[in-house]
Amino acid sequence: MLWLDGLVQGILLGGLYAQYALGMALMFGVMRIVNITHGDLTILLALIGISLAATFHLGPWTVLALLIVIGGLIGWALQRTILNRVVGADPLPSLIATFGLSVALQNLMLQIWSADTRSLSGRGIEQASFQIGPLFVGVLPVIVLVTATALTGGLDALL
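Just so we're clear, the structure is a prediction, and the values are computed from it rather than from any experiment.

Thresholds applied
- Residues numbered from 1 in each chain as written.
- Predicted model: local features only at pLDDT ≥ 70, side-chain atom pairs only at ≥ 80, totals over all residues.
- Heavy atoms only, no water.
- Helix = DSSP H or I, 4+ residues; strand = E, 2+ residues; numbered from the N terminus.
- Buried < 20%, exposed > 50% of the residue type's maximum accessible area, 1.4 Å probe, protein only.
- Contact = heavy atoms within 4.5 Å.
- Areas by Shrake-Rupley, 256 points an atom, 1.4 Å probe, with all protein chains shown as cover.
- Lys, Arg positive; Asp, Glu negative; His and termini not counted.
- Charge placed at Lys NZ, Arg CZ, Asp CG, Glu CD.
- Core = buried A, V, L, I, M, F, W, Y, C linked by side-chain atoms within 4.5 Å.
- Patch = residues over 30% accessible without salt bridge, like charges linked within 9 Å, V, L, I, M, F, W, Y side chains within 5 Å.
- Salt bridge = Lys/Arg side-chain N within 4 Å of Asp/Glu carboxyl O.
- Axes fitted to C-alpha atoms, helices over the stretch in contact; angles between N-to-C directions.
- Left-handed = near helix turned anticlockwise from the far one by under 90°.
- Nonpolar A, V, L, I, M, F, W, Y, C, P; charged D, E, K, R; others polar.

Even after reading the chapter, I still don't get the overall build of the chain, so can you show me in this structure?
For the chain, the helix and strand inventory stands at five helices and two strands. Helices and strands appear in the chain in the N-to-C order α-α-α-α-β-β-α. Burial statistics for the chain: of 159 residues in total, 23% are counted as buried. Counting only contacts in the chain whose residues sit at least 6 apart along the sequence, the fraction spanning at least 24 positions is 66%. Surface exposure of the chain reaches about 10,400 Å², of which carbon and sulfur atoms provide 71%. Positive and negative side-chain charges in the chain, numbering 5 and 6 respectively, have mean positions lying 14 Å apart.

Help me understand the side chain of Thr37 in this model?
By the element assignment, Thr37 lies in the loop between helix 1 (2–30) and helix 2 (38–56). Residue classification places Thr37 among the buried positions, given a relative accessible area of 0%. If we skip the residues at most four places from it in the chain, Thr37 touches Leu78, Thr98, Leu101 and Ser102.

Mind showing me how you'd approach the nonpolar core here?
A general tendency of soluble globular proteins is for nonpolar side chains to be buried together. If you look at the biggest cluster of nonpolar residues, it comprises 15 residues, and the most contacted ones within it are Leu41, Leu44, Ile48, Leu67, Leu105, Met109 and Trp113. Counting residues per element, the ones that place at least two in this core are helix 2, helix 3 (60–86) and helix 4 (92–113). Take this core: its biggest share by element is seven residues, from helix 2.

Quick question: what am I supposed to make of a nonpolar patch on the surface here?
A contiguous nonpolar surface patch, about 510 Å² in accessible area, is contributed by Ile36, Leu92, Leu95, Ile96, Phe99 and Val103. With respect to the helices, strands and loops of the structure, Val103 is situated in helix 4.

Where do I start with the packing of helix 1 against helix 5 (residues 139–158) in this structure?
Relative to each other, helix 1 and helix 5 sit at 35 degrees, their axes nearing to 8 Å. Considering only the axes of helix 1 and helix 5, their crossing is left-handed. Between helix 1 and helix 5, the residues in contact are Ile11, Leu12, Gly15, Leu16, Ala18, Gln19, Leu22 and Leu26 and Pro141, Val142, Val144, Leu145, Thr147, Ala148, Leu151, Thr152 and Leu155, respectively. Its residues assigned to classes, the contact of helix 1 with helix 5 shows 13 nonpolar, four polar and no charged.

I'm lost on the environment of Leu140 in this one. Help?
You can see Leu140 is positioned in helix 5. Along the backbone, Leu140 and Gly124 are 16 residues apart, and their C-alpha atoms lie at a distance of 9.8 Å. Sequence-distant contacts of Leu140, that is, excluding residues within four places in its chain, are made with Ile125 and Glu126.

See the structure below:
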(Lines give C-alpha, C1' and ligand atoms only; values in the text may rest on other atoms or scores of the structure.)
Protein backbone atom coordinates (compact mmCIF):
# COMPACT_ATOMS: atom_id res chain seq x y z
CA MET A 1 0.00 0.00 0.00
CA LEU A 2 2.99 2.30 0.28
CA TRP A 3 3.14 2.63 -3.50
CA LEU A 4 -0.56 3.64 -3.60
CA ASP A 5 0.06 6.37 -1.03
CA GLY A 6 2.99 7.62 -3.09
CA LEU A 7 0.85 7.62 -6.24
CA VAL A 8 -1.98 9.58 -4.57
CA GLN A 9 0.41 12.10 -3.02
CA GLY A 10 2.19 12.51 -6.37
CA ILE A 11 -1.09 13.26 -8.14
CA LEU A 12 -2.01 15.80 -5.46
CA LEU A 13 1.40 17.46 -5.73
CA GLY A 14 0.90 17.55 -9.49
CA GLY A 15 -2.09 19.84 -8.86
CA LEU A 16 0.19 22.37 -7.20
CA TYR A 17 2.66 22.17 -10.08
CA ALA A 18 -0.21 22.54 -12.55
CA GLN A 19 -1.23 25.83 -10.94
CA TYR A 20 2.31 27.18 -11.27
CA ALA A 21 2.49 25.93 -14.84
CA LEU A 22 -0.68 27.75 -15.87
CA GLY A 23 0.97 31.13 -15.32
CA MET A 24 4.08 30.03 -17.14
CA ALA A 25 2.02 28.65 -20.04
CA LEU A 26 0.20 31.97 -20.40
CA MET A 27 3.48 33.91 -20.42
CA PHE A 28 5.51 31.65 -22.69
CA GLY A 29 2.81 30.22 -24.92
CA VAL A 30 0.25 32.97 -25.30
CA MET A 31 2.07 36.22 -24.61
CA ARG A 32 5.45 35.05 -25.96
CA ILE A 33 7.27 36.62 -23.00
CA VAL A 34 10.22 34.97 -21.29
CA ASN A 35 9.58 35.98 -17.67
CA ILE A 36 11.69 34.16 -15.13
CA THR A 37 10.49 36.29 -12.20
CA HIS A 38 7.32 34.18 -11.95
CA GLY A 39 8.49 32.30 -8.85
CA ASP A 40 9.97 35.40 -7.23
CA LEU A 41 6.69 37.26 -7.65
CA THR A 42 4.85 34.32 -6.09
CA ILE A 43 7.16 34.43 -3.08
CA LEU A 44 6.83 38.23 -2.89
CA LEU A 45 3.04 37.94 -2.76
CA ALA A 46 3.27 35.23 -0.11
CA LEU A 47 5.51 37.41 2.05
CA ILE A 48 3.23 40.41 1.57
CA GLY A 49 0.26 38.25 2.55
CA ILE A 50 1.94 36.96 5.69
CA SER A 51 2.92 40.50 6.64
CA LEU A 52 -0.63 41.79 6.06
CA ALA A 53 -2.10 38.96 8.13
CA ALA A 54 0.31 39.56 11.00
CA THR A 55 0.00 43.36 10.97
CA PHE A 56 -3.76 43.71 10.54
CA HIS A 57 -4.88 40.34 12.03
CA LEU A 58 -6.58 39.25 8.82
CA GLY A 59 -7.90 35.79 8.04
CA PRO A 60 -6.60 33.71 5.14
CA TRP A 61 -9.58 34.44 2.85
CA THR A 62 -9.27 38.19 3.34
CA VAL A 63 -5.55 37.96 2.65
CA LEU A 64 -6.24 35.90 -0.48
CA ALA A 65 -8.66 38.53 -1.80
CA LEU A 66 -6.14 41.30 -1.14
CA LEU A 67 -3.32 39.34 -2.77
CA ILE A 68 -5.34 38.87 -5.96
CA VAL A 69 -5.67 42.64 -6.25
CA ILE A 70 -2.05 43.30 -5.26
CA GLY A 71 -0.79 40.62 -7.66
CA GLY A 72 -2.80 42.14 -10.49
CA LEU A 73 -1.38 45.58 -9.75
CA ILE A 74 2.19 44.27 -9.58
CA GLY A 75 1.69 42.37 -12.86
CA TRP A 76 0.20 45.43 -14.55
CA ALA A 77 3.10 47.62 -13.34
CA LEU A 78 5.67 45.03 -14.48
CA GLN A 79 4.04 44.82 -17.90
CA ARG A 80 3.79 48.60 -18.34
CA THR A 81 7.24 49.54 -17.03
CA ILE A 82 9.51 46.69 -18.15
CA LEU A 83 7.99 44.01 -20.35
CA ASN A 84 6.34 46.27 -22.95
CA ARG A 85 9.73 47.85 -23.60
CA VAL A 86 11.61 44.60 -24.18
CA VAL A 87 9.06 42.31 -25.84
CA GLY A 88 9.85 41.55 -29.45
CA ALA A 89 10.74 38.78 -31.82
CA ASP A 90 13.93 38.06 -29.87
CA PRO A 91 13.29 36.55 -26.41
CA LEU A 92 16.74 37.55 -25.10
CA PRO A 93 15.88 41.13 -23.99
CA SER A 94 12.93 39.98 -21.86
CA LEU A 95 15.04 37.14 -20.45
CA ILE A 96 17.80 39.55 -19.41
CA ALA A 97 15.36 42.12 -18.01
CA THR A 98 13.41 39.59 -15.96
CA PHE A 99 16.60 37.89 -14.77
CA GLY A 100 17.83 41.24 -13.46
CA LEU A 101 14.46 41.88 -11.84
CA SER A 102 14.57 38.42 -10.29
CA VAL A 103 17.96 39.08 -8.68
CA ALA A 104 16.81 42.49 -7.46
CA LEU A 105 13.58 41.09 -6.01
CA GLN A 106 15.39 38.27 -4.22
CA ASN A 107 17.80 40.69 -2.57
CA LEU A 108 15.01 43.14 -1.70
CA MET A 109 12.98 40.36 -0.08
CA LEU A 110 16.02 39.21 1.88
CA GLN A 111 16.58 42.75 3.15
CA ILE A 112 12.94 43.26 4.17
CA TRP A 113 11.90 39.83 5.46
CA SER A 114 15.22 37.96 6.00
CA ALA A 115 15.56 34.26 5.18
CA ASP A 116 13.63 33.02 8.21
CA THR A 117 10.75 30.66 7.54
CA ARG A 118 7.21 31.80 8.24
CA SER A 119 3.72 30.71 7.34
CA LEU A 120 0.14 31.90 7.24
CA SER A 121 -2.28 30.04 9.45
CA GLY A 122 -4.99 28.28 7.50
CA ARG A 123 -7.00 27.69 10.68
CA GLY A 124 -6.41 23.94 10.58
CA ILE A 125 -7.03 23.23 6.89
CA GLU A 126 -3.32 22.73 6.30
CA GLN A 127 -3.39 19.67 8.60
CA ALA A 128 -6.92 18.41 7.96
CA SER A 129 -7.23 15.05 6.23
CA PHE A 130 -9.72 12.32 5.51
CA GLN A 131 -9.27 8.59 5.29
CA ILE A 132 -9.92 6.44 2.23
CA GLY A 133 -9.26 2.87 3.26
CA PRO A 134 -5.68 2.72 4.56
CA LEU A 135 -4.77 6.11 3.03
CA PHE A 136 -4.97 9.54 4.60
CA VAL A 137 -5.51 12.31 2.07
CA GLY A 138 -4.96 15.96 2.92
CA VAL A 139 -7.88 18.34 2.43
CA LEU A 140 -5.72 21.25 1.23
CA PRO A 141 -3.94 19.24 -1.50
CA VAL A 142 -7.35 18.04 -2.76
CA ILE A 143 -8.61 21.65 -2.88
CA VAL A 144 -5.47 22.65 -4.79
CA LEU A 145 -5.94 19.78 -7.29
CA VAL A 146 -9.62 20.63 -7.84
CA THR A 147 -8.75 24.32 -8.27
CA ALA A 148 -5.95 23.50 -10.72
CA THR A 149 -8.28 21.28 -12.73
CA ALA A 150 -10.98 23.98 -12.83
CA LEU A 151 -8.45 26.67 -13.80
CA THR A 152 -7.00 24.50 -16.52
CA GLY A 153 -10.44 23.73 -17.91
CA GLY A 154 -11.45 27.39 -17.71
CA LEU A 155 -8.27 28.52 -19.47
CA ASP A 156 -8.76 25.89 -22.16
CA ALA A 157 -12.35 27.05 -22.71
CA LEU A 158 -11.26 30.70 -22.79
CA LEU A 159 -8.46 30.17 -25.28
